[in-house]
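Inside the fold
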Amino acid sequence: MEIDQKKYGDYVKKVTPVHSLGLSMVRAFLTGGTICLLGQIITNTLTGPMGMGREEAAAWTLLALIFLSVLLTGLNLFQKIVKFGGAGALVPITGFANSVAAPAVEFQAEGDVFGVGCKIFTIAGPVILYGIFSSWLLGVIYWIGGSMGWISM
């Protein structure tokens, strides 16, 4: 079976989505900016009227953003935000929470153990693993360097 190169090229052009770089950048900026604005509003509300310190308010803001992104992932709304805003919706904390929650929602039909339990860390697991390992390794290097006088503790 011989494939006509011109027909194949026309087919590829027809089915390949066309994206505007400028529009994608504006959408990412608006989406990421909205998420960051929401975080700043939560922080300001907690430090002002609620009387919390900045560090405590920042911790509660992170928890609120994680909760909202997991909730929106469970309601199948986060993917729509990502489709609109692209990388802007994947501001680190919300994108990471989505990457943990999405497999749990997707594989829920396979059961609690083999679905949710096994698949929940398919994307985020390597990040967590290598993050913890790197932190441990750098801690050991810091400890050895401090005990040998190379690093002042």
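Being a predicted model, the structure only gives us computed values, none of them experimental.

1. Some points on the UniProt feature "transmembrane region" (unreviewed entry) in the protein chain
Mapped onto the present numbering, the UniProt feature "transmembrane region" (unreviewed entry) falls at residues 21-42, 57-78 and 127-145. Secondary structure across residues 21-42 divides into 100% helix and 0% strand, with the first and last C-alpha atoms of the span separated by 32 Å. Annotation note: span residues 127-145, helix share 100%, strand share 0%, distance between end C-alpha atoms 26 Å.

2. Considering the side chain of Thr-31
With respect to the element layout, Thr-31 can be found in helix 2 (residues 21-47). With a relative accessible area of 8%, Thr-31 lands in the buried category. For Thr-31, the contacting residues outside a window of four places in its chain are Ile-81, Phe-84, Gly-85, Gly-88 and Ala-89.

3. Regarding the side chain of Asn-98
Mapped onto the fold, Asn-98 is located in helix 5 (residues 92-106). Excluding its chain neighbours within four sequence positions, the residues that come into contact with Asn-98 are Ser-69, Thr-73, Phe-78, Val-82 and Pro-103.

4. Remarks on helix 4 (residues 78-85)
All of the buried residues in helix 4 are Phe-78, Val-82 and Gly-85. The buried residues of helix 4 occupy an angular sector of 85 degrees when projected down its axis, which confines them to one face. Across from the buried face of helix 4, at angles greater than 90 degrees, the exposed residues are Gln-79, Lys-80 and Lys-83. In this fold, the buried residues of helix 4 make contact with helix 2, helix 3 (54-74) and helix 5.

5. Things to note about the pattern of salt bridges
Tallied over the entire structure, the rule returns one salt bridge. Taking the shortest distance from any N to any O, the salt bridge between Lys-6 and Asp-10 comes out at 3.4 Å. Of this pair, Lys-6 and Asp-10 are both found in helix 1 (residues 5-15), four residues apart, which corresponds to roughly one turn of the helix. Residue class for Asp-10 comes out partly exposed when judged on its relative accessible area of 42%.

Criteria and thresholds
- Per-chain numbering applies: the sequence of each chain, read as written, is numbered from 1 onward.
- Restriction of local features to residues with pLDDT of at least 70 applies here, the model being predicted, together with a cutoff of 80 or more for giving and counting side-chain atom pairs; totals for whole chains, interfaces and linings are based on all residues.
- Excluding hydrogens and water, the side-chain values take into account all heavy atoms of the structure.
- UniProt positions are given in the numbering used here, feature names are shortened, and annotations may be inferred rather than shown by experiment.
- Segments assigned H or I by DSSP are reported as helices when at least four residues long, segments assigned E as strands when at least two residues long, and all are numbered from the N terminus.
- Buried, partly exposed and exposed residues are distinguished by accessible area as a fraction of the type maximum, computed with a 1.4 Å probe on protein chains only: under 20%, between the cut-offs, and over 50%, respectively.
- Contacts are assigned to residue pairs that have any heavy atoms within 4.5 Å of one another.
- As used here, the arc belongs to the directions running from the helix axis to the C-beta atoms.
- Salt bridges are defined by distance alone: a side-chain nitrogen of Lys or Arg within 4 Å of a carboxyl oxygen of Asp or Glu.

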